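# Architecture at a glance
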Amino acid sequence: MSVPWISIGGAVLRRTALAALTVWIVSLGVFSALNILPADPTTAALGPEATPEMRAAYRRLMNLDVPPVPRYLRWAHGMLEGDFGVSVVSRNPIAPELAQRSVFTGVLGLASLLLSVLLALPLAVLSARRAGRILDVAVSAFAIAVSALPEFVVAIGVVVIFVSNLRLFPVSSNGIAEGDLTALVLPVLTLTLGAAAYVFRHARVSVIETMSAPYVRTAVLNGFSPARILWFHVMPNAAVVVVNAVALNAITLLSGVIVVENVFGYPGLGQLLVQALNANDFPKIEAVAVVTTTLLVVINLLADSLVLFLDPRLRTQVASGPR
Amino acid sequence: MGRAVARWVSIVVGGIPGRVGLGLAVGALAVAVVGPFLAPYGYTTLAGPILQGPSPTHVLGTDQLGRDVLSRILYGGRSVIILPACAVTLAFALGGALGLLVGYRGGRLDQLVTRAADILMSIPPLLLVMVLVIALGTSDVVLIATTGIWFTPRIVRIVRAATASVCTKDYVLAARVRGESTASILWNEVTPNITGTLLAELALRLNYAIIFITTLNFLGLGVQPPSSDWGLMVSEGRAFLGHRPLISIMPAVMIGALAIGVNLVSDQIAVFLARNVQTSSRL
Amino acid sequence: MSRPPPGSDGPRAGRVALGAGRGSRGEFEIRDLAVAYASDSGHTPVVGGVSVRVRPGLITGLAGESGSGKTTAALSAIAYLPAGARRLGGEALLDGQSILDLDRVALRRLWASKISYVAQDAGAALNPARRIGSQLEEILTVNRGLPRAAARLRTAELLEAVRLPDAARARRRYPHELSGGQLQRIAIAMALAPDPRLIIFDEPTTGLDVTTAAEVIAMLGGLIRERGLAAIYISHDLALLAAISDELVVFYAGEVVESGPTRELLRTPRHPYTRALLDALPSTRRALRPRGIPGLPPGRVVSDRCGFASRCSHADARCSREQPALVALDPDRRVRCVRAGELGVLPSEAASILEPVRARQGAPILEVDRLVCEYGQGAGRIVAVDDVSLVVREREVVGLVGESGSGKSTIGRAITGLLIPRSGTIRWRGQELPARGRRTPAQYREIQIIFQNPDSSLNPRHTVGHLIGRAVALFRDDVSGSAGADVIAEALREVQLDPTLMSRYPHQLSGGQKQRVAMARAFVARPRLVICDEIISGQDVSVQATILELVRTLQREHETTLLFISHDLAAVRSIAQYVYVLQGGRVQEHAPTEQLFEAPGAEYTRRLLAAVPEPEGSA
């Protein structure tokens, strides 16, 4: 069997360890930023006009009298058990709200990711085959324009077209909480446009480059049909780059999610984060930060492992150990 | 140095995307820099009745407080350009120096720096910056510093990779055999051969910085009112999209023009580089 | 299993020429083929009026240097025009059928079943994401319509036929897991798979070790003749073509300048270019000084005069006025030269080495003592140099010979300080060179190196003047600021380059010119030792001869010591006075040149010498 499962497994394990390390560092970083960096956490949280009583109450609530290290450990330990603390604003436990919103954000993100790939890949292959011709130039120009724009500009554009003028969909996507799926349309559309543009550009370049590789000439001279060459010779090689691009895309997607949820009022993690930031609700901020980072890191891990599996060259490097 | 600049400008305008991009970017830049001198009103001046449509006295209308929209836009470009430019410069200075050194030396330091960069890069950026902004307040300095620091690992990776690939060439070995110092080698032999990569990355980072900072401003986490920063204007005008869309749309268009322009320029450079790797040494 | 060395009568004895006469089964004929590249400035003809007959069971060699049009001609003849190329005229016939006007579908069928092409770089020509077995089976199932099981069987047979070691395991491997030689065999197996009528081999052994190449060629020759295939073998290596081809066609400036039976043509060349090419070849069997050909090839078809005239030592007024036609001297010999009749058989103009073998004179200037060099750590550690000791004396030319992986380049790197050895010492003029840390300015000046690939050793962003000027600034204390330009000009003239090239960038020069700039840069420092690390490999044959000539001249004029590192035994014989033979990081043998080549002591040296093909056959 030529797939060195043990070595791939070892590599995946190593990457998992690195991923866990990343999450841990982020939790440390966020905690330090909010608790150690500011000269006075109460001022940062409550503002300069807070009364001494408010500050004392805050100190009590947040256990600020406990030194930072044990405080961090308690918090981290709590998270591992599923207790994400209590919101300073609402006094409610954070975990349930976090869970529900994670689902909503997950749905949004996954739908956008899938749609973007389904849209971008076929277009990329088509464009690559007709590189330089009208279809390619038009689609590429559009993709460049969209991928260069900030998410909120795309969002505003979507709102103007579909809400103000076409009046097709509601501007607020709150309805998802009641299971109204039309509330998903506009946010998904916005995210998909941006993500698809990004994946399209990378996939197109990858296919074009692969098409000019020497082994493609060999396949041509072996008399294979263009279809066979494309699917059996070009795509297996281009796939690696594409998977990488999709993984990177997932990261930008997450940033875009925050903006899009904000613009459309979609009740997900992004909206929660911005609300928490504006309210200086530190425990919530910390919780959301850790959860989003974990999500991101897991996606990266999956993509990395997939790439390892797909590219035979990486496998042997992994198998023969570090050089 | 002047010759190098002229050379790269001619490379950029050598293709249609580059020309369009340069035009857009320079145009937006012009508006941002020269705008304040041309504005008919101040950006906080209550110049007319609220929420008016376009008229001879207010070409783009007025906003919800009665301020002239056109003037606000002319004033609002500064932060969109200066802040990203400073952030990118900072990141390049830090990351570039580190990347050069590490790419040349290799070894343990290289592995350490690469690992650290990898970890830093897998942290969601918006998250990082937002948290830092909350902790440290929303001043310009904080925005520049955090954006710059977010970029630095990426630039270290890119510069390191470019440097390492140049250092496999025999002309770098030849310089070592001649007994040249590290500084001399990095400056004379390596840097002229990575300018292309650096420029392409610079333009790309500028694009990301613009996106990033305008997004922060949009979310209210960056520049604060009454500034007429374009991102902030888009956010403030959201409520009136049905009635007076220009308040949001015009600044969005300006941001779009700048972002697309910079991106096209970076693309043009990247395409030039890719094409010339094959014909070898035409760089 | 002993095989007769190439060049002797072994492989060719007892063969049967299958088929004769026009249009017989399996014959491939190219008639008057002309191809041009279209560009903004009009079109550039690169193949002009090429006619070649390839008979089944025989190997027809296409010889020529880079830019001579041989590959373009061959690919165009099977209707694979490179991007931007257009066929201006002519035709190609396989089994009497014209193939250049077929539509795309018919062409694909032709390529799938009747014509195969083996590319130069087998590693790059195989799909890195698919297993070897899968790629071979694909040809059989798609092109031959075999069912899976039968295809698998046939794949195994093919891999055996090309004598791939451990064929059963190789099936499941990916290309990057195999060596160059193995990949080349697989590429040949893929070419044989569809049972074609015609196979074109495009420099398939370039980049392989001499011994590996010899094995591949021997196997190839056998297969072609057994199966009665028509074969074209493209190569720049005349010696190799002498060993393997039956018919030879010599290309220059996009045209056929001479053709005929290989043995006869090489023994009695009638075209001045063929003669010049032969004279440029060094030899392992005789002590020869190869001669370079002055000037540069035109790189395109020249139509109003003889393309070689400006470089030809036999040219007269007619040669620059009229374009010579291809004329048949005998039924099977053709020459394109107006003076062919008068000139007759052209005698060799290469000089023999006349100096008697000198005993090693001069004091030792470089002493390498028990050097050990390693790469990598832990399980992946490779010992590149394993306890090597050598001595180089003043003003001597010492050759360091070995195949890839022998450690010869590593030794050069250790001497220049690019590599830190694990143990051992290197003494320069009695002083031990520091393994780490800086050397003295004198040491930096006195030891110079010329690298193999001038595309890599010359900074593309520096002008020629700057490149040489740097060495002047660093090492020539005797030169004041203003005199620098003169010194650079002088250095360029010494390597026969026009001083006006000072303001050019490397990409504006040819390969040979670039290497000469690298040489000028090394010698302008007035060093005591110049390490030549494979300085001729990768260059055209005639350019190699020029570089060898130049480096010898420079060495003699400046009384420099040379350490000449190369895998090319013949080149080493032509220039070195003392030779070290390396294998696997160890010195197998060392002796004065004559002695080593005439009466080699070590088994490895004998094997190495036996594997090198010679144009004249075993003398």
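Residues numbered from 1 in each chain as written. Chains lettered and ligands numbered in written order. Predicted model: local features only at pLDDT ≥ 70, side-chain atom pairs only at ≥ 80, totals over all residues.

This part is about the overall build of chain C. For chain C, the count of helices and strands is 22 helices and 24 strands. Principal axes of the C-alpha set define a box for chain C whose edges measure 70 × 65 × 50 Å. Within the span of chain C, comprising 619 residues, buried residues form 52% of the whole. Put simply, of all contacts in chain C between residues at least 6 apart along the chain, 69% involve residues at least 24 apart. (Helix = DSSP H or I, 4+ residues; strand = E, 2+ residues; numbered from the N terminus. Buried ≥ 20, exposed ≤ 12 C-beta atoms within 10 Å, placed from the backbone. Contact = placed C-beta atoms within 7 Å.)

It is worth spelling out the overall build of chain A at this point. Tallying secondary structure elements over chain A gives 13 helices and 0 strands in all. The N-to-C order of helical and strand elements in chain A reads α-α-α-α-α-α-α-α-α-α-α-α-α. Looking at chain A residue by residue over its 323 residues, the buried ones come to 42%. Restricting the contact set of chain A to residue pairs at least 6 apart, pairs at least 24 apart contribute 70%.

Here we take up the interface of chain A and chain B. The partner chain B presents 35 residues to the 39 residues of chain A that form the contact. Every element with two or more residues in the side of chain A that touches chain B is listed here: helix 1 (5-35), helix 6 (134-148), helix 7 (151-165), helix 10 (226-264), helix 11 (269-279) and helix 12 (282-310) of chain A.

The next thing to look at is the sheet that holds strand 23 (residues 578-583) of chain C. Residues and elements named next belong to chain C. An order of 20-21-22-17-23-24 is seen for the 6 strands of this open sheet, with the pairing classed as mixed. One side of each edge strand has no neighbouring strand; the edge strands of this open sheet are strand 20 (447-450) and strand 24 (586-592). Each adjacent strand pair in this sheet contributes to an overall mean axis angle of 15°, direction not counted. Strand direction decides the pairing type here: strand 17 (residues 397-401) and strand 22 (residues 561-566), joined by 5 bridges, are parallel. Bridge pairing links Val397 to Leu562 in strand 22. Along the sheet, helix 13 (residues 408-416) makes contact with strand 17, strand 20, strand 21 (529-533), strand 22 and strand 23, crossing strand 21 at roughly 145°. (Pairing = 2+ DSSP bridges. Axes fitted to C-alpha atoms, helices over the stretch in contact; angles between N-to-C directions.)

Before going further, it helps to examine the interface of chain B and chain C. The interface of chain B with chain C comprises 16 residues on the first partner and 19 residues on the second. When residues in the side of chain B that touches chain C are grouped by element, the largest group, 6 residues, is from helix 8 (residues 170-177) of chain B.

Residue and element names in this part refer to chain B. Checked against the element boundaries, Asn193 lands in helix 9 (residues 182-218). Residue class for Asn193 comes out buried when judged on the 22 C-beta atoms lying within 10 Å of it. Taking the C-alpha atoms as reference points, Asn193 and Ala47, 146 residues apart in sequence, are found 54 Å from one another.

Moving on to the sheet that holds strand 2 (residues 42-54) of chain C. Residue and element names in this part refer to chain C. Ordered by their spatial adjacency, 4 strands build an open sheet running 2-1-4-5, and the pairing between neighbours is antiparallel. The outermost strands of the open sheet, each flanked by one partner alone, are strand 2 and strand 5 (97-98). Here 2 bridges tie strand 4 (residues 85-94) to strand 5, and the two strands are oriented antiparallel to one another. By the bridge assignment for strand 5, Leu93 is matched with Ser98. Contacts from helix 1 (residues 70-77) reach strand 1 (28-39), strand 2 and strand 4, with the element oriented near 110° to strand 1.

The next thing to look at is the nonpolar core. Among the nonpolar cores identified, the biggest contains 356 residues, and Val131 of chain B together with Phe564 of chain C are the most heavily contacted of them. No fewer than three residues from each of domain 1 (9-121 + 199-213 + 220-343) and domain 2 (364-457 + 528-611) of chain C sit in this core. When near neighbours in sequence (up to four residues on either side) are disregarded, Val131 of chain B contacts Val30, Ala33, Leu34, Ile285 and Ala289 of chain A. (Core = buried A, V, L, I, M, F, W, Y, C linked by C-beta atoms within 7 Å. Domains from an automatic or database assignment.)

Residue-level pLDDT values for chain A average 79, and 87% of them are 70 or greater. Segment residues 318-323 of chain A is flagged for pLDDT under 50; beyond a separation of four residues in sequence, or across chains, it makes 11 contacts in the model. (pLDDT = per-residue confidence, 0-100.)

Once that is clear, we can look at the domain arrangement of chain C. Quoted interface sizes are often the accessible area lost when the parts come together. Residues and elements named next belong to chain C. According to the domain assignment, chain C consists of domain 1 (9-121 + 199-213 + 220-343) and domain 2 (364-457 + 528-611). Inter-centroid distance (C-alpha atoms) of domain 1 to domain 2 is 36 Å. Elements that contribute at least two residues to the side of domain 1 that touches domain 2 include exactly helix 8 (210-227), helix 11 (272-279) and strand 11 (288-289). For the side of domain 1 that touches domain 2, the residue count by class is 10 nonpolar, 6 polar and 4 charged. (Nonpolar A, V, L, I, M, F, W, Y, C, P; charged D, E, K, R; others polar.)

In the segment running from Pro225 of chain B into Pro226 of chain B, the intervening peptide bond is cis, with an omega of 10°. You can see Pro226 of chain B is positioned in the loop between helix 9 and helix 10 (230-236). Of note in this structure, Arg395 of chain C is not a glycine but carries a positive phi near 60°. Note on placement: Arg395 of chain C falls in the loop between strand 16 (382-393) and strand 17. We note that Gln496 of chain C has phi near 60°; this positive angle belongs to a residue other than glycine. With respect to the helices and strands, Gln496 of chain C occurs in the loop between helix 17 (484-494) and helix 18 (511-523).

Right, let's get into helix 19 (residues 541-558) of chain C. All names here are of chain C. Counted at 1.5 Å a residue, the expected span for helix 19 with its 18 residues is 26 Å, and the 26 Å between its end C-alpha atoms agrees. Turning to helix 19, its buried residues number three or more, namely Val541, Ser542, Val543, Gln544, Ala545, Thr546, Ile547, Leu548, Leu550, Val551 and Gln555. Elements in contact with the buried residues of helix 19: helix 11, strand 17, helix 18, strand 21, strand 22 and helix 20 (569-575). Two residues or fewer after helix 19 comes Glu559, characterised by a positive phi angle close to 50°. (Expected span 1.5 Å × (residues − 1).)

All names here are of chain B. At their nearest, the axes of helix 5 (residues 107-121) and helix 7 (residues 140-167) sit 9 Å apart, and the two run at 135° to each other. When the interaxial angle is binned, helix 5 and helix 7 end up oblique. Viewed along their axes, helix 5 and helix 7 form a crossing whose handedness is left-handed. In this structure, helix 5 uses Val113, Ala117, Leu120 and Met121 to contact helix 7, whose residues at the interface are Pro153, Arg154, Val156 and Arg157. (Parallel < 35°, antiparallel > 145°, perpendicular 65-115°, else oblique. Left-handed = near helix turned anticlockwise from the far one by under 90°.)

With that settled, consider the pairing of strand 16 of chain C. Residues and elements named next belong to chain C. Pairing between strand 15 (residues 364-375) and strand 16: 9 bridges, direction antiparallel. Looking at the pairing, Leu371 lines up with Val388 of strand 16. Where strand 15 folds back on strand 16, the antiparallel hairpin that results is connected by 6 residues, among which Gly376 adopts a positive phi of roughly 75°.

The next subject is the environment of Leu206 of chain B. Residues and elements named next belong to chain B. Among the structural elements, Leu206 can be located in helix 9. Taking the number of C-beta atoms within 10 Å as the measure of exposure, Leu206 has 23 and is therefore buried. In sequence terms Leu206 and Ala25 are 181 residues apart; their C-alpha atoms lie 11 Å from each other.

What follows is about the environment of Ala203 of chain B. All names here are of chain B. On the secondary structure map, Ala203 appears in helix 9. The exposure class assigned to Ala203 is buried, which follows from the 24 C-beta atoms found within 10 Å. Sequence separation between Ala203 and Gly261 is 58 residues; the distance between their C-alpha atoms is 9.7 Å. In this structure, Ala203 is in contact with Val262, Val265, Ser266 and Ile269, ignoring residues within four places of it in sequence.

Within a regular beta strand, the side chains point alternately toward one face of the sheet and then the other, so they alternate between its two faces. Where burial is concerned, most of strand 17 of chain C is hidden: 5 out of the 5 residues are buried. Because side chains alternate across strand 17 of chain C, one face comprises the buried residues Val397, Gly399 and Val401 of chain C, and the other comprises Val398 and Leu400 of chain C, equally buried.

Bringing helix 6 (residues 125-136) of chain B into the picture now. Residues and elements named next belong to chain B. Here helix 6 contains 12 residues, and its C-alpha end-to-end distance of 16 Å stays within 8% of the 16 Å for a straight helix at 1.5 Å per residue. The element helix 6 is largely enclosed, with a buried count of 11 among its 12 residues. Within the span of helix 6, buried status applies to Pro125, Leu126, Leu127, Leu128, Val129, Met130, Val131, Leu132, Val133, Ile134 and Ala135. Of the residues flanking the end of helix 6, it is Gly137, one or two places downstream, whose phi is positive at about 95°.

This part takes up the packing of helix 6 of chain A against helix 8 (residues 182-211) of chain A. Geometrically, a packed helix pair is captured by the angle between its two axes and the distance between the axes. Residue and element names in this part refer to chain A. Where helix 6 contacts helix 8, the two axes come as close as 8 Å, and the packing angle between them is 125°. When the axes of helix 6 and helix 8 are compared, the pair comes out oblique. Crossing handedness for the pair helix 6 and helix 8: left-handed. Residue-level inspection shows Ala143, Val146 and Ser147 of helix 6 in contact with helix 8, the latter providing Leu193, Gly194, Ala197, Tyr198, Phe200 and Arg201.

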